[in-house]
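Tertiary structure, described
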Amino acid sequence: MGVAAVGTLMVVSLLVKEVTVVIDGERRPIRAFGGTVQEVLADAGVSVGYGDLLSPAARAQVDDGTTIEVRRARPIKLTLDGRTSTHLVTATNVGDALAELDITPAAAGKLSAPPAHKVPLEGMELTVYTRRKVYVVAGTTRVSWRTTARTVRGALKQKRIALRRGYLVNPPLSSFPKDGTVITVTPPRTVQIQPEIMELDWESLAECESQGDPEAYNPDGPYYGLYQFSLPMWQAVGGMDTPTTWPEEEQTYRAQLLYQQVGGRWQGQWPHCGDRLFTMNAR
């Protein structure tokens, strides 16, 4: 072999670099002539698309022993607590994808695919229901817990809170229980209150009877709640448990129902404060 040929081989050998290309975690050793990351990848037939992560940068110089990492972007159609959006991630599994989307493992309570599930290059759909704290007020029941339920109905089933025929639930059973939701369950309201009765000054009556305290208790009767019901009178208008175990709205409905049933003769139930019902009309 001539001196010129040997010299050429030496120059070529000096130009060739041993480079490692890591594509989505898969290592691939190559021999490259290019001087930059972009040139080396082009020689190796590796393309970099929109959203892909490349390290070092495309124009960075490549030395012998350089490691080039390519993480390919893949679309995820994410439905988070019922809301759908599309994202690009470079994670190769669901767990890492959630981290990229800033969804912590503790918050991601229910997943349509396990954390170790691979995210294919063509993308995937992922449904996540987070753990949310909800509160239930149902008569004497006062509970709170974290749930991944899709609906209020599902959340109530988790705690085995029975719903009798005609019971009112707020928010509606089919609605989504977001974090901090207070679910109230009240007894059936089978009687419609006349509009003119609803327009009376019930707030003033409650202020006079109990200083507006829905948990007020007077042992002399005993009398309970905003409108100081006795238990027999409360039960006579369909009330369950005691008035103080129900929210203000329920206590007011039962007071209006009582007024309606006695034909407006309030003197028997509220002899000292009943006239407050008409304060708005007197203004």
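Everything below is about the structure shown above.
Criteria and thresholds
- Residues numbered from 1 in each chain as written.
- Predicted model: local features only at pLDDT ≥ 70, side-chain atom pairs only at ≥ 80, totals over all residues.
- Heavy atoms only, no water.
- Helix = DSSP H or I, 4+ residues; strand = E, 2+ residues; numbered from the N terminus.
- Pairing = 2+ DSSP bridges.
- Axes fitted to C-alpha atoms, helices over the stretch in contact; angles between N-to-C directions.
- Core = buried A, V, L, I, M, F, W, Y, C linked by side-chain atoms within 4.5 Å.
- Buried < 20%, exposed > 50% of the residue type's maximum accessible area, 1.4 Å probe, protein only.
- Contact = heavy atoms within 4.5 Å.

1. Some words on unusual backbone geometry
Peptide bonds are, in most cases, trans, and in most cases residues other than glycine have a negative phi. Backbone torsion omega between Asn170 and Pro171 reads 0°, so that peptide bond is classified as cis. Checked against the element boundaries, Pro171 lands in the loop between β11 (168–170) and β12 (182–186). Residue Pro222 is reached from Gly221 by a cis peptide bond, and omega for that bond is 0°. Tracing the backbone shows Pro222 in the loop between β13 (217–218) and β14 (223–224). Positioned with a positive phi, Asp102 is a non-glycine residue whose angle comes to about 65°. Here Asp102 lies in the loop between α3 (94–100) and β7 (108–111). You will see that Arg160, though not glycine, has its phi angle at about 55°, which is positive. Structurally, the position occupied by Arg160 is in the loop between α4 (152–158) and β11.

2. Section: the sheet that holds strand β10 (residues 141–147)
Overall, mixed pairing links the four strands, which are arranged β10-β9-β12-β11 in an open sheet. The open sheet has two edge strands, β10 and β11, and neither has a second partner. Direction aside, the axes of adjacent strands within the sheet are offset by 15° on average. Summarising the sheet, β11 and β12 pair through three bridges and their orientation is antiparallel. The partner of Leu168 across the bridge, within β12, is Thr186.

3. Observations concerning the nonpolar core
Membership of the largest hydrophobic core comes to 21 residues, with the highest contact counts inside it found for Trp202, Leu205, Tyr227, Phe229, Tyr259 and Trp270. Secondary structure elements with two or more residues in this core: α6 (202–210) and α8 (248–261). The dominant element in this core, judged by the number of residues it contributes, is α8, at five residues. Setting aside residues up to four positions removed in sequence, Leu205 forms contacts with Tyr227, Trp270, Cys273, Gly274, Arg276 and Leu277.

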